[in-house]
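Descriptive analysis of the structure
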Amino acid sequence: MTDKVLIVGGSGRIGSSVAADLVAHTKAEITITGRDSAAGSAVAQELGSQVKFLTLDLAEKEKLRNAIASSDIVIHCAGPFHYRDAIVLKTCIEEGVNYLDVSDHRSFTIKALNYKSAAEQAGVTAIVNTGIFPGISNSMVRQGVEQLDEADKIHLSYVVSGSGGAGITVMRTTFLGLQNPFEAWINGKWETLKPYSDREAVVFPPPYDRTGVYWYDMPETFTLPDTFPVKTVITKFGSVPDFYNYLTWWVAKFWPPKVLKNTATIEFLSTVSHKMTNFTDRFSGIGVAIRAEVTGKKDGKTAIFCSTLVHENTAISAGYGTGSIAELLLNGKLKKPGVWAVEQALPTDLFEQTMASRGVTIQGDWLN
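Residues numbered from 1 in each chain as written. Predicted model: local features only at pLDDT ≥ 70, side-chain atom pairs only at ≥ 80, totals over all residues. Heavy atoms only, no water.

Observations regarding helix α2 (residues 37-47)
- Within α2, burial applies to Gly40, Ala44 and Leu47. The buried side chains of α2 occupy one side of the element, clustering within an arc of 65° when seen end-on. In this structure, α2 carries Ala38, Gln45 and Glu46 as exposed residues pointing more than 90 degrees from its buried face.
- Looking at the buried residues of α2, the elements they touch are α1 (13-25), β2 (29-34) and β3 (51-55).
- The N-terminus of α2 is capped by Asp36, whose side-chain oxygen sits 3.2 Å from the backbone nitrogen of Ala38.
- Gly48 sits one or two positions beyond α2 and adopts a positive phi of about 110°. (Buried < 20%, exposed > 50% of the residue type's maximum accessible area, 1.4 Å probe, protein only. Helix = DSSP H or I, 4+ residues; strand = E, 2+ residues; numbered from the N terminus. Arc of directions from axis to C-beta. Contact = heavy atoms within 4.5 Å. Polar contact = N/O pair within 3.5 Å; in protein donor to acceptor, adjacent residues only side chain to side chain.)

Some remarks on the pattern of salt bridges
- Tallying each qualifying case throughout the model produces twelve salt bridges.
- Arg142 is the salt-bridge partner of Glu146, the closest N and O atoms lying 3.0 Å from each other.
- The class for Glu146 is partly exposed, based on a relative accessible area of 45%.
- Lys236 is the salt-bridge partner of Asp198, the closest N and O atoms lying 3.2 Å from each other. Of this pair, Asp198 sits in the loop between β9 (189-193) and β10 (200-203) while Lys236 sits in strand β12 (residues 232-240), placing them 38 residues apart in sequence.
- One network of salt bridges, in which partners are shared, links Arg65, Lys90, Glu94 and Glu95. (Salt bridge = Lys/Arg side-chain N within 4 Å of Asp/Glu carboxyl O.)

As for unusual backbone geometry
- Here Gly79 and Pro80 are connected by a cis peptide whose omega angle stands at -5°.
- Cis geometry is adopted by the peptide bond preceding Pro241, which originates at Val240 and carries an omega value of 0°.
- Positive phi values are uncommon outside glycine, yet Asp299 reaches one of about 55°.

Details of the nonpolar core
- One finds Ile7, Ile30, Ile32 and Ile75 to be the most contacted residues of the largest nonpolar core, which totals 92 residues.
- With seven residues, the top contributor of residues to this core is helix α13 (residues 314-330).
- Sequence-distant contacts of Ile32, that is, excluding residues within four places in its chain, are made with Ile7, Gly10, Ser11, Ala19, Gly40, Val43, Ala44, Leu47, Val51, Lys52, Phe53 and Leu54.
- One finds Val202, Phe204, Tyr208 and Val240 within the second-largest nonpolar core, a separate group that totals seven residues. (Core = buried A, V, L, I, M, F, W, Y, C linked by side-chain atoms within 4.5 Å.)

Some words on the side chain of Gln143
- Inspection of the secondary structure puts Gln143 in helix α7 (residues 136-145).
- For Gln143, a relative accessible area of 10% corresponds to the buried category.
- Beyond its immediate sequence surroundings of up to four residues, Gln143 is in contact with Ser307, Thr348, Phe351, Glu352 and Ile362.

Brief notes about the sheet that holds β2
- Here we have seven strands laid out as an open sheet, ordered β3-β2-β1-β4-β5-β6-β15, and parallel in their pairing. Of all the strands in the sheet, just β3 and β15 (338-341) have a single pairing partner and so form its edges. In this sheet, adjacent strand axes meet at a mean angle of 20° when their direction is disregarded.
- As defined by bridge partners, strand β4 (residues 73-76) adjoins strand β5 (residues 98-101) across four bridges and the pair is classed as parallel. (Pairing = 2+ DSSP bridges. Axes fitted to C-alpha atoms, helices over the stretch in contact; angles between N-to-C directions.)

Structural notes on the sheet that holds strand β16 (residues 362-366)
- Pairing within the open sheet is mixed, and its seven strands lie in the order β10-β11-β12-β7-β13-β14-β16. Edge positions in the sheet fall to β10 and β16, since each of these pairs with one other strand and no more. For this sheet the average axis-to-axis angle between neighbouring strands, irrespective of direction, equals 25°.
- As judged from the four bridges shared by β10 and strand β11 (residues 210-215), these two strands associate in the antiparallel manner.

A few points about the side chain of Asp281
- Position of Asp281 relative to the elements: it lies in helix α12 (residues 263-284).
- Leave out the neighbours within four places in its chain, and Asp281 touches Ser161, Gly162, Ser163 and Ile286.

Looking at the environment of Leu56
- Within the secondary structure, Leu56 sits in the loop between β3 and α3 (61-69).
- Assessed through its relative accessible area of 5%, Leu56 is described here as buried.
- Each C-alpha atom of the pair Leu56 and Gly300 lies 56 Å from the other, and the pair is 244 residues apart in sequence.
- Setting aside its immediate chain neighbours within four residues, Leu56 contacts Thr33, Gly34, Arg35, Lys63 and Leu64.

Digging into the pairing of β2
- Of all six residues that make up β2, five are buried, and the element is covered over most of its length.
- Pairing of strand β1 (residues 4-8) with β2, which is carried by four bridges, proceeds in the parallel orientation. Across the sheet, Val5 pairs through a bridge with Ile30, a residue of β2.
- As for the winding sense of the linkage, the β-α-β connection from β1 through α1 to β2 is right-handed.
- Across five bridges, the pairing between β2 and β3 is parallel. Within β3, the position partnered with Ile30 by the bridge is Val51.
- Traced from β2 through α2 to β3, the parallel crossover comes out right-handed. (Right-handed = clockwise from strand over helix to strand, strands pointing away.)

Structural notes on the environment of Asn331
- If you trace the backbone, Asn331 turns up in the loop between α13 and β15.
- Between the alpha carbons of Asn331 and Thr26 there is a distance of 9.0 Å; along the sequence they are 305 residues apart.

Okay, here's the thing in structure tokens:
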């Protein structure tokens, strides 16, 4: 019997990248959803005969439930997740269907994790934050932690070229992330930080080299200290060309919170940024780089393990992160009832195998 995968929001850039990965690595029947039937049908046709399109709005509760009930895995790609409740996950648990998402916001992740015991009792494996960052980045951290006898500090840095090959939804996510201060785990206690503050020059592999990154609120900020007994978790993000960093920093620092929390303001900033990156992408590319640095003890001495990843297309690499976990669920290699952040659910050996099968190279080395 052929496995059936439902990708909610699958006609968007990230969702269609997940679908493309599943087409390449599984024989599943894939249904992608969206609100625009013409655009969604065109995406499905481009992806090939394994994929069909279903017009669906998340507000159509009964239609959503029926689509979920006829699936083996549901993958939630309909962001921005700042606005989402956990109705898709809740329905999956009620219907006994495994669940993944590409969520990237603290509030949604907390909502999802609250369903942990319900998913466990239903025998449903639900894994959140499975894209590129969060997602592959979390597994790189787990890989680094396992190199050490004792981990003390995690420093995650990300940089994206231009639009990253994603759509306007990702632009909305960036500016929504500037609306509120957030808590980070630093030196064994929670500290409140301002988004896009404390610029730091971090050395990534070519072509990024030394690039500026800033504090940014990501789910990893609290899932990693929950997963690993470390004293500090740093999550910083930046863009190239660098002038995008300065523009974002300026908005975060000087625009009044009341203005930033206005929906019209977010739409204006997102639309302008999307148009700008559509132009600069031809010069900057649309790639991504991740640097995961873990400090701790090895053989009684202080040691630092650093892993890096570079990919030429951010959206495609996000598809790898989510698609690889869906593949593992479909072939029965991964089963862990409950709701989990990806680093809590995915063993390093399986992570390494699926990345290798997708041609993704993760470089790891000791810094001292």
